[in-house]
Structures are given as C-alpha cells and as structure tokens.
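So you can see what is in the structure, the chains are spelled out below.
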Amino acid sequence: MADTALVLGGGGLTAYAWQVGVLTGLAEAGVYLTGADVLAGTSAGSLLAVDLAAGAAPADLYGEQVSRTRAMLEVDFTLTMTVKYLWAALGSRDPETVVKRLGRLALAVRDVSETDVLDAIRPQLPVQEWPERPVRLFAVDALTGKPAGFGADSGVSLERAMSATCALPPLFPPITIDAGRWMDGGVRSTTNADLLGDCHRVVVLAPIPKGPGASPDTADQVASLAAAGTRATLLTPDRPARRAFGRNPLDASRIPGAAKAGLRQGREHAERIGAVWHG
C-alpha cells in the first residue's frame, strides 16, 4: 500500500486554478501535499497531477494562473451540450445506469474525432512521457461503465490517457485504449476518491464535490475511506470561492479569482489538513 495520496478533482478551468491556489496556501504554511506517494486526478485534476509529478511548484503554477500567462485549453460547452449531458445524468437514480447513459452520449459524438482531442490535449501537457512519480488518471470505459486509473504501468501513452480523462461528453468522443473507449472520469465521480482505498493517508481536493443527479458525493466517498481505516480529509470551495468560480467552470476570466480563493482556503485549512498528512 502507498502511504500518502493527493486526489485532485475535475471541474474545468476554475477547478484547476482553485486547486493550485489551495496547494500554494498549504505550502506557505508548511504542508507540502505535492510530495505525495500517489498523485491522482480526474479531468482538470489530472492535468494538475501531471504538472506536479513533472516537478512544477505550486507557487509557480499559482503565478501563471493569477497573471494568466499560461494558455489553458478553452472550449465552448454549449447550451445544447449542457442539456444533453443533464438529460443523460438526470435520467436515472442509479449511478451505474447514469454512467452507461453518459457512455452512450459519448459514443454518439461524430463531429469531433479522437485525433482532434489528442491534438487539443497535447499542448497542455508539460511533458510527453509519463513522469517518474506515480500518477493515476481516472477515466471510465464508455462501453462498460468501468473506471480505471491510468499510469506509467498501464501500457498507455500519457497523451492518450490524459485525453481520455478529459473526454467529457458530448464535447469530445471517448478515446480508444485497447478494447475500451474511455471518457472523462468525472461522469462517474468528480474525484473518484473511493478508488484510493489502497493508501494510508489521503487528502482530497474537490472543486465540485458532487456531479448532477445520482453522481456520488465526494464527502460520502471520503467517509467510506475513513470508515475502512484510511486517514482521509476533504476540502471543497466555500461560498466566496464558489462566487469567484461563477456559473461557467470554463470561463477563463474567472481563473485569477478562483486561484486567489484557493490560496485563502489553503492558508485557512492548513492545520486541519496537516494533521492528517503528517500522521
């Protein structure tokens, strides 16, 4: 079993920025989560996991977010796409059925190719090969609804694994990996924190604690980890942070405010999170 894991959630541009701010605020207080034995991410959290595994310092990433000097991937998730996603997500009270419905939505995407997705994701990567440090990038097979955490030992290229974890339907089609067609892990859970049960101490950052409908609540997943003996804690955006996010997580103009809100929360919660992290 790994000793420590940092779990980074999905949620678009503001999610990435807020988590960078949190990690910077924690580091200022002497809580260095980036030294985790496992860096696990879903969607936007996956990009941050790889950034950190490749050696980026939170303070440097924070500076990029506040000054907007890093060009983040900007996409237009239209109203029509939103309606389609919510129709699939709200169509059942059973989480597994919801994932299968979203899988069908992903498989129906025809106007964007897998190559288009790879071409969009490639420039976002800080490195083209898997970092030496262990990472897990969560995606879900659109054909079966089963999740997986891709890493260097998965036999999959970093570019393809990252594209899979960011393949949100119906914006992008699922990515072919072996016999599967893999989509954004956020369709199952915004953090997939329940998949870190093999770690002794886990800190979960959840910019969006719960997806729509039957999607599991990250707080429940963290509670389940704790009940099984894992020392686990969760940080989510407070009300001022949610106001900083705005209603559109893909609104690039909200990036600096989200990062600053994360910095404040990191400073405020350093003692609580440090108590778990330092055992």
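Thresholds applied
Each chain has its residues counted from 1, following the order in which its sequence is written. Local features in a predicted model are, by the rule used here, given only for residues with pLDDT of at least 70; side-chain atom pairs are given and counted only at 80 or more, and totals for whole chains, interfaces and linings are based on all residues. To get the side-chain values, take all heavy atoms of the structure and skip hydrogens and water. Numbering of helices and strands runs from the N terminus; a helix is a DSSP stretch of H or I covering at least four residues, while a strand is a stretch of E covering at least two. All radius of gyration figures rest on C-alpha atoms, and the globule criterion is 2.2 Å times the number of residues raised to 0.38. Partly exposed describes any residue whose relative accessible area lies between the buried limit of under 20% and the exposed limit of over 50%, with all areas from a 1.4 Å probe on protein chains only and scaled to the type maximum. Salt bridges are identified by distance alone: a Lys or Arg side-chain nitrogen within 4 Å of an Asp or Glu carboxyl oxygen. Between the rings of Phe, Tyr and Trp (Trp by its six-membered ring), a pair exists once the centres lie within 6.5 Å; its type follows the angle of the planes, with under 30 degrees stacked, over 60 edge-to-face, and the other angles tilted. To estimate the expected span of a helix, count its residues, drop one, and scale the result by 1.5 Å. Residue contacts are counted whenever heavy atoms from the two residues lie within 4.5 Å of one another. Polar contact is defined as a pair of N or O atoms within 3.5 Å, subject to the rule that within protein one atom must be able to donate a hydrogen and the other to accept it, and that residues adjacent in sequence are counted only when both atoms are side-chain atoms. UniProt positions are given in the numbering used here, feature names are shortened, and annotations may be inferred rather than shown by experiment. Axis angles are defined between N-to-C directions and span 0 to 180 degrees, where every axis is a line fitted to C-alpha atoms and, for a helix, only to the segment in contact. For classification purposes, an angle smaller than 35 degrees is called roughly parallel, one larger than 145 roughly antiparallel, one from 65 to 115 roughly perpendicular, and anything else oblique. In this analysis, the protein atoms alone were mapped onto a 1 Å grid. Cavities are point sets where a 1.4 Å probe fits without being able to get out; pockets are open sets with protein on both sides within 12 Å along at least five of seven lines; lining residues have an atom within 4 Å of a point. Grid points are joined across faces, edges and corners, and a volume is the space filled by probe spheres set on the points. Each residue gets one label: Ala, Val, Leu, Ile, Met, Phe, Trp, Tyr, Cys and Pro are nonpolar, Asp, Glu, Lys and Arg are charged, and the others, such as Gly, are polar.

## Examining the overall build of the protein
Right, on to step 1. Broken down by element type, the protein carries eleven helices and eight strands.
Right, on to step 2. Relative to the 2.2 N^0.38 estimate, which gives 19 Å for 279 residues, the radius of gyration of the protein is 17 Å and therefore close to what a compact globule would have.
Right, on to step 3. Based on the C-alpha atoms only, the size of the protein along its principal axes is roughly 50 × 40 × 35 Å.
Right, on to step 4. Expressed as a percentage of its 279 residues, the buried residues of the protein come to 55%.

## Comments concerning the pattern of salt bridges
It is possible for side chains of opposite charge to pair when their charged atoms get near one another.
Right, on to step 1. In this structure the tally under the stated criterion is 13 salt bridges.
Right, on to step 2. For arginine 70, the salt bridge identified is with glutamate 64, shortest N-O distance 3.9 Å.
Right, on to step 3. Among the residues examined, glutamate 64 registers a relative accessible area of 28% and is labelled partly exposed.
Right, on to step 4. Taking the shortest distance from any N to any O, the salt bridge between glutamate 74 and arginine 68 comes out at 3.8 Å.
Right, on to step 5. A relative accessible area of 38% means that arginine 68 is categorised as partly exposed.
Right, on to step 6. Through salt bridges with shared partners, one network takes in Asp51, Glu64 and Arg70.

## A word on the packing of aromatic side chains
Right, on to step 1. Tallied over the entire structure, the rule returns two aromatic pairs.
Right, on to step 2. Judged by centre distance (6.5 Å) and plane angle (80°), the rings of tryptophan 18 and phenylalanine 245 are edge-to-face. Of this pair, tryptophan 18 sits in helix α1 (residues 12-28) while phenylalanine 245 is found in helix α9 (residues 239-245), placing the two residues 227 residues apart along the sequence. Phenylalanine 245 matches tryptophan 18 in its accessibility class, with the two residues each being buried.
Right, on to step 3. Measuring from centroid to centroid gives 5.1 Å for phenylalanine 150 and tryptophan 182, while their planes differ by 80°, and the two rings are edge-to-face. Of this pair, phenylalanine 150 sits in strand β4 (residues 147-150) while tryptophan 182 sits in strand β6 (residues 180-184), and the two are 32 residues apart along the sequence.

## A short note on helix α10 (residues 255-268)
Right, on to step 1. Over its 14 residues, α10 extends 20 Å from the first C-alpha to the last, a length consistent with the 20 Å expected when each residue adds 1.5 Å.
Right, on to step 2. Turning to α10, the residues buried within the fold contact α1, α3 (58-67), β8 (231-235), α9 and α11 (270-277).

## Points about the side chain of threonine 24
Right, on to step 1. With respect to the helices and strands, the residue threonine 24 is situated in helix α1.
Right, on to step 2. Within the structure, threonine 24 has its side chain in polar contact with the backbone oxygen of proline 58 (distance 3.0 Å).
Right, on to step 3. Residue contacts for threonine 24: discarding those within four places in its chain leaves Pro58, Ala59, Tyr62 and Leu263.

## What about the UniProt feature "domain: PNPLA" (unreviewed entry) in the protein?
Right, on to step 1. Mapped onto this numbering, the UniProt entry gives "domain: PNPLA" (unreviewed entry) at residues 7-197.
Right, on to step 2. Structurally, residues 7-197 comprises 40% helix and 14% strand, and the distance from its first C-alpha atom to its last is 12 Å.

## As for the packing of helix α6 (residues 114-121) against helix α7 (residues 158-165)
Right, on to step 1. With their axes 9 Å apart at the nearest point, α6 and α7 run at an angle of 105° to one another. With respect to each other, α6 and α7 are oriented roughly perpendicular. Taking contact as the criterion, the partners of Glu114, Val117, Leu118 and Ile121 in α6 are, on α7, Glu159, Arg160, Met162 and Ser163.

## Focus: the UniProt feature "active site" (unreviewed entry) in the protein
Right, on to step 1. Per the UniProt entry, the sites bearing "active site" (unreviewed entry) are Ser43 and Asp184 in this numbering. The named residues occupy 142 residues along the chain; their greatest pairwise C-alpha distance, 6.1 Å, places them in one compact cluster. Of the annotated positions named here, the largest pocket is lined by Ser43 and Asp184.
Right, on to step 2. Structurally, the position occupied by serine 43 is in the loop between β2 (38-42) and α2 (44-53).

## Concerning empty space enclosed by the protein
Right, on to step 1. Following the criterion strictly, the structure yields two cavities of 30 Å³ or more and no others.
Right, on to step 2. Considering only enclosed or pocket space, the largest cavity measures out at about 40 Å³ in volume.
Right, on to step 3. What lines the largest cavity is simply Tyr85, Ala89, Val98, Leu102, Gly186, Val187, Gly211, Pro212 and Ser215.
Right, on to step 4. For the lining of the largest cavity, the elements supplying multiple residues, two or more each, are α4 (79-89) and α5 (95-107).
Right, on to step 5. In this structure, the second largest cavity spans a volume of roughly 30 Å³.
Right, on to step 6. Taken together, Leu23, Ala27, Val31, Tyr32, Leu33, Thr34 and Pro58 make up the full set of residues lining the second largest cavity.
Right, on to step 7. Classifying every residue of the lining of the second largest cavity by side-chain character gives six nonpolar, one polar and no charged.

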